[in-house]
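# Tertiary structure, described
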Amino acid sequence: MPLSSRPSSNPPTPPSTPAAARAAALLSFHNPAGLYDPRPNGYSHVAIARQPARIVHIAGQGGEDAQGRLPAGFDDQVHQALANLSTALQSAGARLADVARLTALVVDHSEARLSAFSQALQAHWGTAPTPACTLIPVPRLALDGMLFEIDATAYLPSADAG
């Protein structure tokens with residue numbers, strides 16, 4: 001089911017040349033022969049991080065805005081959660097292109113929700129390779145009405161440590 005492209009409060013931008021070069025030097029993403037091509041779903045099967053690196057762990061981000069308001073719709077929550085993820089990464093000096101692994105939790109998972117999530121990932125990552133990702137259907141999340149949560153692990157060159 002095609003879904004319309006939705007603007008985000010933190011619109012995706014293709015990684016700048018220095019950011020793309022930094023990520024390419026530290027991370028590589030692979031989709032081995034013998035496995036289906038996951039790129040249409042917005043992820044890669046394998047992410048390899050070269051050491052030494054500074055590892056950034058981002059806690060699960062939901063669809064709440066800065067005032068704690070949670071939109072009712074799944075698509076809106078996904079876009080806000082990805083914007084929140086970007087904000088958390090930026091606070092550590094990281095970008096989406098630095099993320100090697102994601103875990104997404106989805107309440108009432110369905111093919112339509114998978115499609116919405118996949119499209120949102122592709123929109124936010126732009127031309128950068130998408131990370132390894134696991135989607136876990138769950139019966140409920142921390143807050144009433146919360147339908148989506150995502151956490152991330154990013155890698156930065158150790159020279160960026162501060």
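A short tour of the structure in this document, coming up. (Residues numbered from 1 in each chain as written. Predicted model: local features only at pLDDT ≥ 70, side-chain atom pairs only at ≥ 80, totals over all residues. Heavy atoms only, no water.)

### A word on the sheet that holds strand 4 (residues 99-107)
In a beta sheet, neighbouring strands are held together by backbone hydrogen bonds and run either parallel or antiparallel to one another. In spatial order, the strands read 3-6-4-5; together these 4 strands make up an open sheet with mixed pairing. Looking at which strands have only one partner, the edges of the open sheet turn out to be strand 3 (53-61) and strand 5 (132-138). Averaged over all pairs of adjacent strands, the angle between their axes in this sheet comes to 10°, without regard to strand direction. Relative to strand 6 (residues 148-157), strand 3 is paired through 7 bridges, and the arrangement is antiparallel. Across the sheet, residue His57 finds its bridge partner in strand 6, namely Thr153. The sheet contacts of helix 2 (residues 74-91) involve strand 3, strand 4 and strand 6, and relative to strand 6 the element is tilted by about 25°. (Pairing = 2+ DSSP bridges. Helix = DSSP H or I, 4+ residues; strand = E, 2+ residues; numbered from the N terminus. Axes fitted to C-alpha atoms, helices over the stretch in contact; angles between N-to-C directions. Contact = heavy atoms within 4.5 Å.)

### Overview of the packing of aromatic side chains
The tally for this structure, following the rule as stated, stands at 2 aromatic pairs. A ring pair is formed by Phe74 and Phe148, whose centres lie 5.9 Å apart and whose planes are at 90°; its orientation type is edge-to-face. With Phe74 in helix 2 and Phe148 in strand 6, this pair connects stretches of sequence that are 74 residues apart. Since its relative accessible area comes to 8%, Phe74 is described here as buried. Geometrically, the ring pair formed by Phe117 and Phe148 is tilted, given 5.3 Å between the ring centres and 50° between the ring planes. On the criterion of sequence distance, the pair formed by Phe117 in helix 3 (residues 111-125) and Phe148 in strand 6 is long-range, its members being 31 residues apart. Just as Phe117 is buried, Phe148 falls in that class too. Here a set of aromatic residues connected by ring pairs shows up, and it is made of Phe74, Phe117 and Phe148. (Phe/Tyr/Trp six-rings, centres within 6.5 Å; stacked < 30°, edge-to-face > 60°. Buried < 20%, exposed > 50% of the residue type's maximum accessible area, 1.4 Å probe, protein only.)

### Side note on the pattern of salt bridges
In this structure the tally under the stated criterion is 3 salt bridges. Arg69 is the salt-bridge partner of Asp65, the closest N and O atoms lying 2.9 Å from each other. Taking relative accessible area as the criterion, Arg69 reaches 51% and is therefore assigned exposed. Residue Asp144 is joined to Arg140 by a salt bridge in which the shortest nitrogen-to-oxygen separation is 3.0 Å. (Salt bridge = Lys/Arg side-chain N within 4 Å of Asp/Glu carboxyl O.)

### Some remarks on the side chain of Asn84
With respect to the element layout, Asn84 can be found in helix 2. Assessed through its relative accessible area of 15%, Asn84 is described here as buried. Engagement of the side chain of Asn84 in a polar contact is seen with the side chain of Gln80, the distance being 2.8 Å. Among residues more than four places away in sequence, those in contact with Asn84 are Gln61, Gly62, Gly63 and Glu64. (Polar contact = N/O pair within 3.5 Å; in protein donor to acceptor, adjacent residues only side chain to side chain.)

### Here we look at unusual backbone geometry
Only a minority of non-glycine residues have a phi that is not negative, and only a minority of peptide bonds are not trans. Residue Gln51 is joined to Pro52 through a cis peptide bond whose omega torsion reads 0°. Residue placement: Pro52 occurs in the loop between strand 2 (46-49) and strand 3. One non-glycine residue, Asp108, adopts positive backbone phi at about 55°. Inspection of the secondary structure puts Asp108 in the loop between strand 4 and helix 3. Here Asp108 falls in the exposed class, since its relative accessible area comes to 55%.

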